[in-house]
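Understanding the architecture of this molecule
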Amino acid sequence: MTPENYNTVCTYLMVDSIEKQIEFLQTVFGAVIKENLKNAEGVTMHGEVKIGDTVIMMGRGSAGFPSQPSMNYVFVNDADLIYNKVMELGSTSVSEPTGQFYGIGDGGFKDLHGNTRFITQHLKDVSVEEMEKGFADKKINHKQYKMNRGTNKPWRKPQTVLLRTNSRTADTIGLAIGWQTQEQPAANQYQQ
């Protein structure tokens, strides 16, 4: 049985510094500390934060359980705002926020521990049929994707973006793997 205030599946990060990871998540996503368990020397060994409706657990890497990067998909109300904030904090860009044919605007970055996060903003509801058509129309060339990933070399034009929301906090977080196959847009593309 899942304990109250937890999801059935929880993200668990193994990082070198739980303290720095918690600080980053608080600064960027407004995370609230749920647990911060320290050993006799005062070093945090297990931490938990809550972002929106999701608990993220984390442990300090060790020889038996080394630190390792993860990938998360985070729903936010303003992808541009979050992206700009993480760039100011020294994160590495994976892709700038771009409107996608499946109704979201997303962009990605790597944090100080090498974790990849794709931040996504809901733009419009899209039917399953529209998404399937969009994927069929894309005709993704995986070899070309690997060559262009992380560069500003376009090989597909970005979709038109129709909506911007104003809240500055994350709504929820979930696991996913994202693909970025579109031209890098100008900053603040969601503004109308």
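Our subject is the structure that appears above.
Below: a short report on this structure. (Residues numbered from 1 in each chain as written. Predicted model: local features only at pLDDT ≥ 70, side-chain atom pairs only at ≥ 80, totals over all residues. Heavy atoms only, no water.)

**Thoughts on the pattern of salt bridges**
Summed over all chains, the structure comprises 3 salt bridges. Where E19 meets R60, a salt bridge forms, and the shortest distance between an N and an O atom there is 2.6 Å. Of the two residues, E19 sits in helix α1 (residues 18–29) while R60 sits in strand β4 (residues 54–60), which places them 41 residues apart along the sequence. By relative accessible area, E19 is classed as partly exposed at 31%. Notably, a salt bridge pairs D111 with R117, separated by 2.5 Å at the nearest N-O pair. Taken individually, D111 and R117 each receive the classification buried, so the pair is uniform in this respect. (Salt bridge = Lys/Arg side-chain N within 4 Å of Asp/Glu carboxyl O. Helix = DSSP H or I, 4+ residues; strand = E, 2+ residues; numbered from the N terminus. Buried < 20%, exposed > 50% of the residue type's maximum accessible area, 1.4 Å probe, protein only.)

**Let's talk about unusual backbone geometry**
The phi dihedral of N5 is positive, around 70 degrees, even though this residue is not glycine. On the secondary structure map, N5 appears in the segment before β1 (11–15).

**Quick notes on the side chain of H113**
Along the chain, H113 falls in the loop between β7 (104–110) and β8 (116–122). The contacts of H113, once residues within four sequence positions are left out, are V15, D16, S17, K20, Q21 and P69. (Contact = heavy atoms within 4.5 Å.)

**Notes on the environment of N115**
Secondary-structure assignment places N115 in the loop between β7 and β8. Given a relative accessible area of 0%, N115 falls into the buried group. The contacts of N115, once residues within four sequence positions are left out, are L13, V15, Q21, Q68, P69, S70, F109 and K110. Within polar-contact distance, the side chain of N115 engages the side chain of Q21 at 3.4 Å. (Polar contact = N/O pair within 3.5 Å; in protein donor to acceptor, adjacent residues only side chain to side chain.)

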